[in-house]
Amino acid sequence: EINALQAVASMLVQLQARFDAEEQTEYNAYHDDLTGLANRRALLRELKDRLSAHRSTAVLVFDLDRFKVMNDFLGHANGDRLLTTIADRIRTSVRSNDFAARLGGDEFVILVDNAASEMEVLASAYRILDVVGAPIEIAGQLVTHTASIGIVLAKRGSENGLDLLGQADVALYAAKAQGRSQAVVFDQVLREAVDERSRTELGLREAIDGDGLRLHFQPEIDLRTGKLLAVEALVRWQHPTRGLLPAASFITVAEETGLVVDMGRWVFAAACRQLAAWRRQFPHLKLVVRVNMSPAQFATDEIVEFVETCLRVHEIPGDWLCIEMTEHAVLQEPEKTARILRGFRALGVEVALDDFGTGYSSMTELKRLPVDLLKLDTSFVKGITSDPCDRAIVEAIIRLGAALNLQVVAEGIEGGPTIDKLLELGCSRGQGYLISMPIAAEDLAPMLDAGTISLPALRAARSATLHSEGRPV
């Protein structure tokens, strides 16, 4: 009998261990390892149940402002401690019928039950911001931080959980755009923006894969003589209903969706193809084509090989091509950047820093990188005849370029006095609407054949245009 009881007890112990293991597995499947809050799977299940039951629910998605900077400063262990403290605050501050989860990283979600009105939900959101934003002592120092919240009110039976989370994310980005410690409700304006963004993304994919993109070229000249020195290739989208669109109307969507890499490859290959055609058509002309390269495209592992292939296929010498990048793109990973730029230089390709003066370049890194040219940002160039600060910045950059043996090009030239002031400050290269708008390759042919632009004629034409528009010259 004792042996039988011992056998039964052993079986019960094993059974209990199995139950405990299954419960632990179930818990792990629906809870976040770091904070103990519900995870994404549990959140979607809970949200589906609430929507199926037609319960009035508000979805609040929030994350910490500048958490990456804080995490790098504190260290990852202390960053985790910050997240667990915030999770504990959320857990103790929500009502019993609300639901809190962590999506990952520093992103959290709260489902507010029985959300009667938008104002009530906003009041709850700002109360959460106050709780979350209270100082935390970590590693012997008091850490202050802020958060932003995006809110969406679920309409009964009209959405699924993933749609609601996506809409709350859109509202979160809108809140961050307004500054720190802000909460924004997803509304019709944001909904229309999301719909437009989706249409733009789908249309842009078709344009890249099909025949919807175009290149326009903006000339760069010697401001002393009018000699044509280079052209900058600028992408345009021939939209089926909206006409020819400038890059500014779709580049943000391209960057956010990753389409900018494929689009950049198309632009680069098309620019090389056009340059090869010009070399055959105008054999007397020596012209550099400048092509913008996005940070995402620059970061691809095979970028040097891609550039080399384009040059070889179209039989273009490397010194006929210049790659333009922003300061931010060039200085993100200095070691990798230097290796890639050395690869470009080995091909004979020039590198220009675009919008120079707006990216807070590290002078230490700049002097180490194989860069050939600085492009003065339009915002500074436009003010050099009227704003002493802009004039001082432009003069400092021109002197920096001379000291580092770098060419300097001014962008955004729209008036004759601007040219005079640039020449006075020591900058002899420029581009802008006074010289030429970005135009199609076929319209550029007469200018390429002449190899020069008449500056007096341009100034006269510009003056007449401004007078006819009623604008000050």
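Residues numbered from 1 in each chain as written. Predicted model: local features only at pLDDT ≥ 70, side-chain atom pairs only at ≥ 80, totals over all residues. Heavy atoms only, no water.

Remarks on the overall build of the protein
Right, on to step 1. Each helix and strand counted, the protein has 19 helices and 17 strands in total.
Right, on to step 2. Computed over C-alpha atoms, the radius of gyration of the protein comes to 29 Å, more than 25% over the 23 Å expected from 2.2 N^0.38 for 473 residues, which places it beyond the range of a compact globule.
Right, on to step 3. Projected onto its principal axes, the C-alpha positions of the protein cover 110 × 55 × 50 Å.
Right, on to step 4. In the protein, which comprises 473 residues, the share counted as buried stands at 48%.
Right, on to step 5. At a minimum sequence separation of 6, the contacts of the protein that also span at least 24 residues come to 68%.
Right, on to step 6. Positive and negative side-chain charges of the protein, numbering 50 and 66 respectively, have mean locations separated by a distance of 3 Å. (Helix = DSSP H or I, 4+ residues; strand = E, 2+ residues; numbered from the N terminus. Rg over C-alpha atoms; globule rule 2.2 N^0.38 Å. Buried < 20%, exposed > 50% of the residue type's maximum accessible area, 1.4 Å probe, protein only. Contact = heavy atoms within 4.5 Å. Lys, Arg positive; Asp, Glu negative; His and termini not counted. Charge placed at Lys NZ, Arg CZ, Asp CG, Glu CD.)

Structural notes on the pattern of salt bridges
Right, on to step 1. Tallied over the entire structure, the rule returns 26 salt bridges.
Right, on to step 2. With its nearest N and O atoms 2.7 Å apart, the salt bridge here joins Glu46 to Arg50. Taken together, the residues Glu46 and Arg50, both in helix 2 (residues 40-52) and four residues apart, mark about one turn of the helix. A single burial state applies to Glu46 and to Arg50, both of which are buried.
Right, on to step 3. A cluster of three or more residues bridged by salt bridges with shared partners is formed by Glu46, Arg50, Arg55 and Asp113. (Salt bridge = Lys/Arg side-chain N within 4 Å of Asp/Glu carboxyl O.)

Examining the confidence of the model for the protein
Right, on to step 1. Averaged over every residue, the pLDDT of the protein is 87; residues scoring 70 or more account for 92%.
Right, on to step 2. Long-range and interchain partners of residues 464-473, a stretch whose pLDDT sits below 50, account for six contacts in this model, where long-range means more than four residues apart. (pLDDT = per-residue confidence, 0-100.)

Some thoughts on the sheet that holds strand 2 (residues 99-104)
Right, on to step 1. Across the sheet, which stays open at both edges, the five strands sit in the order 2-3-1-6-7 with mixed pairing between neighbours. The outermost strands of the open sheet, each flanked by one partner alone, are strand 2 and strand 7 (183-185). Pairs of neighbouring strands in the sheet enclose a mean axial angle of 20°, with direction left out of account.
Right, on to step 2. Taken together, the seven bridges between strand 1 (residues 57-64) and strand 6 (residues 147-153) define a ladder with antiparallel strand orientation. (Pairing = 2+ DSSP bridges. Axes fitted to C-alpha atoms, helices over the stretch in contact; angles between N-to-C directions.)

Some details on the environment of Leu444
Right, on to step 1. Position of Leu444 relative to the elements: it lies in helix 18 (residues 441-450).
Right, on to step 2. Along the backbone, Leu444 and Val185 are 259 residues apart, and their C-alpha atoms lie at a distance of 49 Å.
Right, on to step 3. Once residues lying within four places of it in the same chain are set aside, the contact partners of Leu444 are Phe217, Pro219, Val231, Trp278 and Ile439.

Points about the packing of aromatic side chains
Right, on to step 1. Here the structure, examined in full by the defined rule, presents five aromatic pairs.
Right, on to step 2. Ring plane angle 55° and centroid distance 5.7 Å describe the contact between Phe268 and Phe306, whose orientation is recorded as tilted. Residue Phe268 is located in helix 9 (residues 259-281), and its partner Phe306 is located in helix 11 (residues 303-313); the two are separated by 38 residues in the primary sequence.
Right, on to step 3. Classification of Phe306 by relative accessible area gives buried; the value is 13%.
Right, on to step 4. Here Phe298 and Phe344 contribute two aromatic rings whose centre-to-centre distance is 6.3 Å and whose plane-to-plane angle is 55°, an arrangement assigned as tilted. Linking Phe298 in helix 10 (residues 295-298) with Phe344 in helix 13 (residues 334-346), this pair joins segments that are 46 residues apart in sequence.
Right, on to step 5. Accessibility expressed as a relative area gives 4% for Phe298, which makes it buried.
Right, on to step 6. One Lys or Arg, Arg279, reaches over the ring of Trp320 and ends 4.6 Å from the middle of that ring. (Phe/Tyr/Trp six-rings, centres within 6.5 Å; stacked < 30°, edge-to-face > 60°. Lys NZ or Arg CZ within 6 Å of the ring centre and 35° of its normal.)

Digging into the side chain of Lys421
Right, on to step 1. Examined against the element boundaries, Lys421 turns out to sit in helix 17 (residues 416-425).
Right, on to step 2. Lys421 has contacts with Ile384, Thr385 and Arg391, leaving out every residue within four places of it along the chain.

Considering the packing of helix 3 (residues 67-74) against helix 4 (residues 76-93)
Right, on to step 1. Put simply, helix 3 and helix 4 touch, their axes get as near as 6 Å, and they point 125° apart. Considered as vectors, helix 3 and helix 4 are oriented oblique to each other. Viewed along their axes, helix 3 and helix 4 form a crossing whose handedness is right-handed. Residues Phe67, Met70, Asn71 and Leu74 of helix 3 lie in contact with helix 4, whose contacting residues are His76, Asn78, Gly79, Leu82 and Leu83. (Parallel < 35°, antiparallel > 145°, perpendicular 65-115°, else oblique. Left-handed = near helix turned anticlockwise from the far one by under 90°.)

A few points about the pairing of strand 14 (residues 373-376)
Right, on to step 1. Side-chain alternation along strand 14 places Leu373 and Lys375 on one buried face and Leu374 and Leu376 on a second face that is also buried.
Right, on to step 2. The pairing of strand 13 (residues 350-356) with strand 14 spans three bridges and is classified as parallel. In the sheet register, Phe356 faces strand 14, and the bridge partner there is Leu376.

A closer look at the state of the cysteines
Right, on to step 1. Applying the stated rule across the entire model yields zero disulfides.
Right, on to step 2. There is no disulfide at Cys322, and the cysteine sulfur nearest it, in Cys272, is 12 Å away.
Right, on to step 3. Judged by relative accessible area, which is 0%, Cys322 ranks as buried.
Right, on to step 4. Free cysteine Cys389: the closest other cysteine sulfur is in Cys427, separated by 19 Å. (Disulfide = S-S within 2.5 Å.)

Description of helix 4
Right, on to step 1. Compared with an ideal rise of 1.5 Å per residue, which puts 18 residues at 26 Å, helix 4 spans 26 Å between its outermost C-alpha atoms and is within 8% of the ideal.
Right, on to step 2. For helix 4, the set of buried residues is Asn78, Gly79, Leu82, Leu83, Ile86, Ala87, Arg89, Ile90 and Ser93.
Right, on to step 3. Residues of helix 4 that are buried sit in contact with strand 1, helix 3, strand 2, strand 3 (107-113), helix 5 (118-132) and strand 4 (136-138). (Expected span 1.5 Å × (residues − 1).)

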